[in-house]
Amino acid sequence: MRIECVERVSPAEKHAIIELLGTGDFKSTLWDWQFHRQVGERRRILIVAYDDDGQVVGFNGSLPISVKLNGSSSSALWSCDFIVSAASRGKGIGHMLKQDLLTRADSVMALGLSSTADRVHASMGWKRGPSVGSFTRLNDMRSLRSAIKVGLQHLQSFWLRARPSGSARQRFTASVTSIRTLGEEVEQLWEAVRTGYENVVVRDWTYVNWRYAEHPMADYRAICVRDAEHRLRAMGIFWMSSRRAVLVDYIGPRAGAAEKQAIVLRFLKECRSAPLLECSTTDSELQHSLAKYGFVNWRNRAAAFNYYDPHARSDGGEWFLMGGDSDGDMLEAGRSADEFRVERWDESMFARARNEWTDLLNRSTADRLFLSWEWLHTWWQTFGGAHGLELRILAVRERSGRLVGVAPLYLHRATQRNFASRRMQFIGNIWRGAATMRTEYLEFVLDTASAAEVARVLCNSLIADRSWDDLVLTDLPLECATRKAVESSQVMQHCYLRVADSYTGYGIDTSGVFDEYVSRLSASRRRKLFVQRRKLEKQGAVVLETLPPQDFEGFAARLDRLHRCRWGKDFFVGRIRRFHAALLAGLPPGASAHLSVMTLNGMDVSAAYNVRVGTREYNLQGGFDEQAVPSVSLGLVHTGYLIEQAFREGIECLDLLVGGGKQHDFKARIADAVRRTATLHVVRAPLLQAGFRLNDAMKRQGAR
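Residues numbered from 1 in each chain as written. Predicted model: local features only at pLDDT ≥ 70, side-chain atom pairs only at ≥ 80, totals over all residues. Heavy atoms only, no water.

S.K.: Got a sec to walk through the overall build of the protein chain? Specific residues and values, please.
M.R.: When helices and strands are counted, the protein chain shows 22 helices and 30 strands. Taking 704 residues into account, the globule formula puts the C-alpha radius of gyration at 27 Å, and the protein chain, at 33 Å, lies well above it. Put simply, the protein chain has 704 residues, and 55% of those count as buried. Taking contacts inside the protein chain between residues at least 6 apart in sequence as the whole, the part at least 24 apart equals 72%. Of the roughly 30,900 Å² of accessible surface on the protein chain, a fraction of 48% belongs to carbon and sulfur atoms. For the protein chain, the distance from the average position of its 95 positive side-chain charges to the average position of its 80 negative side-chain charges is 7 Å. (Helix = DSSP H or I, 4+ residues; strand = E, 2+ residues; numbered from the N terminus. Rg over C-alpha atoms; globule rule 2.2 N^0.38 Å. Buried < 20%, exposed > 50% of the residue type's maximum accessible area, 1.4 Å probe, protein only. Contact = heavy atoms within 4.5 Å. Areas by Shrake-Rupley, 256 points an atom, 1.4 Å probe, with all protein chains shown as cover. Lys, Arg positive; Asp, Glu negative; His and termini not counted. Charge placed at Lys NZ, Arg CZ, Asp CG, Glu CD.)

S.K.: Summarise the state of the cysteines; cite the residues concerned and give the values.
M.R.: Within this structure, the stated rule accounts for zero disulfides. With no disulfide of its own, Cys-80 lies 13 Å from the sulfur of Cys-5, the closest cysteine sulfur. In this model Cys-271 remains outside any disulfide bridge; the closest cysteine sulfur is found in Cys-279, 11 Å from its own. (Disulfide = S-S within 2.5 Å.)

S.K.: Could you give an account of the packing of helix H1 (residues 11-21) against helix H2 (residues 26-36), naming the residues involved and the relevant values?
M.R.: Two elements in contact, H1 and H2, have axes whose closest approach is 10 Å; the angle formed by their N-to-C orientations is 125°. Judged on the interaxial angle alone, H2 and H1 are oblique. Our pair here, H1 against H2, has a crossing hand that is right-handed. Of H2, the residues touching H1 (which contributes Lys-14, Ile-17, Ile-18 and Leu-21) are Lys-27, Ser-28, Trp-31 and Asp-32. Of the residues belonging to the contact of H1 with H2, the class tally is four nonpolar, one polar and three charged. (Axes fitted to C-alpha atoms, helices over the stretch in contact; angles between N-to-C directions. Parallel < 35°, antiparallel > 145°, perpendicular 65-115°, else oblique. Left-handed = near helix turned anticlockwise from the far one by under 90°. Nonpolar A, V, L, I, M, F, W, Y, C, P; charged D, E, K, R; others polar.)

S.K.: I'd like to hear about the nonpolar core, residue by residue, with values.
M.R.: As a rule of thumb, nonpolar side chains are buried together in soluble globular proteins. Core analysis: the largest hydrophobic core is formed by 86 residues, its most contacted members being Trp-78, Met-109, Ile-179, Val-208, Tyr-220, Met-235 and Phe-267. Apart from the residues within four sequence positions on either side, Val-208 is in contact with Ile-179, Val-186, Arg-203, Ala-213, Met-235, Ile-237 and Ile-251. Residues Phe-370, Ala-395, Ala-556 and Val-611 belong to the second largest nonpolar core, which totals 82 residues. (Core = buried A, V, L, I, M, F, W, Y, C linked by side-chain atoms within 4.5 Å.)

S.K.: Describe the sheet that holds strand E26 (residues 591-600), and please don't skip the residues or the numbers.
M.R.: Pairing is mixed across the open sheet formed by 11 strands, whose spatial order is E17-E20-E21-E23-E30-E24-E29-E28-E27-E26-E25. In this open sheet, the two strands that pair with only one neighbour each are strand E17 (390-391) and strand E25 (542-547). By the bridge criterion, six bridges tie strand E23 (residues 470-477) to strand E30 (residues 673-683) in an arrangement that is antiparallel. Bridge assignment links Leu-476 to a residue of E30, and that residue is Ala-678. Packed on one face of the sheet, helix H18 (residues 552-567) meets E25, E26, strand E27 (603-613) and strand E28 (616-624) and runs near 115° to E27. (Pairing = 2+ DSSP bridges.)

S.K.: Please set out the pattern of salt bridges residue by residue, giving values where relevant.
M.R.: Here the structure, examined in full by the defined rule, presents 47 salt bridges. A salt bridge links Arg-231 to Asp-227; the nearest nitrogen and oxygen atoms lie 2.8 Å apart. Each member of the salt-bridge network shares a partner with another, and the members are Arg-254, Lys-260, Asp-283, Glu-285 and Glu-318. (Salt bridge = Lys/Arg side-chain N within 4 Å of Asp/Glu carboxyl O.)

S.K.: So, the environment of Val-682: which residues are in play, and what are the values?
M.R.: Position of Val-682 among the secondary structure elements: in strand E30. With a relative accessible area of 0%, Val-682 lands in the buried category. Spatially, the C-alpha atom of Val-682 lies 6.3 Å from that of Cys-495, the residues being 187 residues apart in sequence.

S.K.: An account of a nonpolar patch on the surface is needed here, citing residue identities and associated values.
M.R.: On the surface, Leu-144, Ile-148, Leu-152 and Leu-155 cluster together into a nonpolar patch covering about 420 Å² of accessible area. Inspection of the secondary structure assignment puts Leu-155 in helix H5 (residues 144-162). (Patch = residues over 30% accessible without salt bridge, like charges linked within 9 Å, V, L, I, M, F, W, Y side chains within 5 Å.)

S.K.: Which residues make up the sheet that holds strand E22 (residues 445-446), and what are the values?
M.R.: As summarised here, the arrangement of the four strands in space is E16-E18-E19-E22, forming an open sheet in which the pairing is antiparallel. In this open sheet, the two strands that pair with only one neighbour each are strand E16 (340-345) and E22.

S.K.: Quick one: what's the story with unusual backbone geometry, residue by residue and with numbers?
M.R.: Residues other than glycine seldom take positive phi values, yet Asn-70 does so here, at roughly 55°. Among the secondary structure elements, Asn-70 is positioned in the loop between strand E3 (56-69) and strand E4 (72-84). You will see that Arg-432, though not glycine, has its phi angle at about 55°, which is positive. Turning to its location among the elements, Arg-432 is positioned in the loop between strand E21 (419-426) and E22.

S.K.: Can you break down the environment of Phe-555 residue by residue, with the values?
M.R.: Relative to the helices and strands, Phe-555 is located in helix H18. When the C-alpha positions of Phe-555 and Ala-291 are compared, they lie 70 Å apart, and in sequence the two are 264 residues distant. Among residues more than four places away in sequence, those in contact with Phe-555 are Leu-547, Phe-572, Leu-595, Ser-596, Val-597, Ala-607, Ala-608 and Tyr-609.

S.K.: An account of H18 is needed here, citing residue identities and associated values.
M.R.: An ideal rise of 1.5 Å per residue puts 22 Å on 16 residues; H18 measures up with 21 Å between its terminal C-alpha atoms. Within the span of H18, buried status applies to Phe-552, Phe-555, Ala-556, Leu-559, Asp-560, Leu-562, His-563 and Arg-566. Gly-568, located one to two residues past H18, shows a positive phi value of around 80°. (Expected span 1.5 Å × (residues − 1).)

S.K.: Residues and numbers for the side chain of Glu-617, please.
M.R.: For Glu-617, the location among the structural elements is in strand E28. Owing to a relative accessible area of 0%, Glu-617 belongs among the buried residues under this scheme. Side chain to side chain, Glu-617 and Asn-610 meet in a polar contact 2.7 Å long. Beyond its immediate chain neighbours, meaning those up to four positions away, Glu-617 contacts His-594, Asn-610, Val-611, Arg-612, Ala-646, Ile-651, Cys-653, Leu-654 and Asp-655. (Polar contact = N/O pair within 3.5 Å; in protein donor to acceptor, adjacent residues only side chain to side chain.)

S.K.: Let's hear about the packing of aromatic side chains: which residues, and what values?
M.R.: How two aromatic rings sit relative to each other is given by the distance of their centres and the angle of their planes. Within this structure, the stated rule accounts for 35 aromatic pairs. Grouping aromatic residues by their ring pairs yields a cluster made of Phe-370, Trp-375, Trp-379, Trp-380, Phe-383, Tyr-410, Tyr-441, Phe-579 and Tyr-618. Over the ring of Tyr-441 we find Arg-675, and its NZ or CZ is 4.3 Å from the ring centre. (Phe/Tyr/Trp six-rings, centres within 6.5 Å; stacked < 30°, edge-to-face > 60°. Lys NZ or Arg CZ within 6 Å of the ring centre and 35° of its normal.)

S.K.: How would you summarise the environment of Glu-553 if you had to cite specific residues and measurements?
M.R.: Mapped onto the secondary structure, Glu-553 falls in helix H18. Given the relative accessible area of 44%, Glu-553 is considered partly exposed. The contact partners of Glu-553, leaving out residues within four places of it in the chain, are Arg-577 and Ala-581.

S.K.: How would you sum up helix H12 (residues 354-362)? Please name residues and give values.
M.R.: Among all positions in H12, only Trp-357, Thr-358, Leu-360 and Leu-361 are buried. Looking down the long axis of H12, one finds its buried residues gathered within 160° of arc, a one-sided arrangement. Across H12 from its buried face, at more than 90 degrees, point the exposed residues Asn-355 and Asn-362. Each element contacted by the buried residues of H12 is listed here: E16, helix H11 (347-352), helix H13 (373-384), strand E18 (393-398), strand E19 (403-407) and E22. (Arc of directions from axis to C-beta.)

S.K.: Please give an account of the packing of helix H8 (residues 257-270) against helix H9 (residues 284-292) that cites residues and values.
M.R.: Contact geometry for H8 and H9: axes closest at 9 Å, N-to-C directions at 40°. One way to sum up the angle between H8 and H9 is to call them oblique. Note that H8 runs across H9; the crossing there is right-handed. Residue-level contacts link Ala-257, Lys-260, Gln-261 and Val-264 of H8 to Glu-285, Leu-286, Ser-289, Leu-290 and Lys-292 of H9. Broken down by class, the residue content of the contact of H8 with H9 amounts to four nonpolar, two polar and three charged.

Below is the structure:
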């Protein structure tokens, strides 16, 4: 048996130690940062126990830190990752590891101890310090027990907030930002407040940068409290996953009740979508602020703190400790770090995203045309700025950086039936607003391998965004993961969910045999689609022209003339025309324009504007001259030609989309595929909820 002190271990020894710790693969990711990363001039110390065969049977890591003990600066070690193999316990190995560690520094500390480590420390003269109180707050009620706890939280909060406070109110602002941007300000803040602490880990920029900003797995963020002159007065540090959020550190004045309250309030606001909030601290002011806003120390839960200080330099001084002082938080933050990271894209990020968006689309079940980057970016470029819309795209990446989800959204001010709101909705439509090119089959673009979880992450991010009053998800397929995630979200249940519109889209399955499709039609449909061809051909030469996209302007003029004949107005006008010209100039990969004109004796009688993406063809618009041959349904005859052409050219579905005919719903009569969509309206603002509830109730009453 031998004990060695080393700065580094071999890869084989590292693997053996991680196996002993039983912390999983993520510990391997943390290892180099935790034990090999140079922090200032401080040297890492690792104590390893080997048996007679040279196998690792015990380990005690350490983190070199600077501390203040009774107001004086000193160096110390945090003891961490203490472990002895099960087969080697009871042989004094743990005692030997600790004894060797104590010879390497004047002071050694440990927080969040196991019962084994606590017993070993007690036998070696370590002192038991103040317990670090653990405060939690539940945000959801999934069971009777949790509902009771939430009720008790509210009672405690009401009682403490109703009691008069002797502290003077100070006006601060609190905002959340990246820690990496705060280097100089953190250094200045610590210098300004350090004299107020007696026993504390030094929280200068060297420590904060290594401990939080450079953590390889967790995304720690800073809550910055500033005064009226925008000076940094205090800072809280937290991390958040989909399951919980933890406030782990505080840097600010020791006596700073107002600053600590501002941090707690901002923490609550920023992390309201997390089911559980936590904070561990010895600080009485911070504990009071936590309790005041619903955090409870259930059963007096606390983490044990031991320290070895043979010179008694810390005696008589009060310790300031936070959960982030423990190496346990390093591990827990890494273990709890979500597999997914959410980004909010600006205009430039959206513009650069074409390739990875297309790659994601190919891994999803989302519509290949309407949810392509090309369609949505062209729509945004054409209509976004013109109508004062604010881009709010949310993108989700997995740890590797690969894009696995996109919510293509924007925010704008809307007024509907005298209800004004800040409305979030899908790029592609302006619900109950200005006319644009309609976009169908909208949803989140989700990697099929993780669709349900990514959809939930996006829903949580939407709930955390307090900028919107109502969320409108137009043309949402009923069976999609987006709708399921929204309707099952626990937090969304506090909103008013209403189905504002329902639609039916029609298509024709052209993957089989054309003659079999014809045989399934009723006699009247066969007659209008195909038999009337002969009647038309008796009128003269019938020709089907297919124009290239380069001839879009000429095609648009021809379709508009026929559209006027049928509907009394042009289709390709203003921004609609610019949208389609730009789209056809840059179609999605694997897409092509199918611009079809049917002529009779050289005269245009019908036109169809279709786009093909892969094996699917979309009928976007059409028009015909109903007076050219009154006894023939020219639009249907033209559609019959297009159906036959789709069968012949390998198209698997001719999508006729939503919308009926001028006099009857001809699509329903010729279609053999149906796709239902809806507009889901999520109303969050209380007054807006009341208005829509009343409006919907009156509609139901009037329908009786």
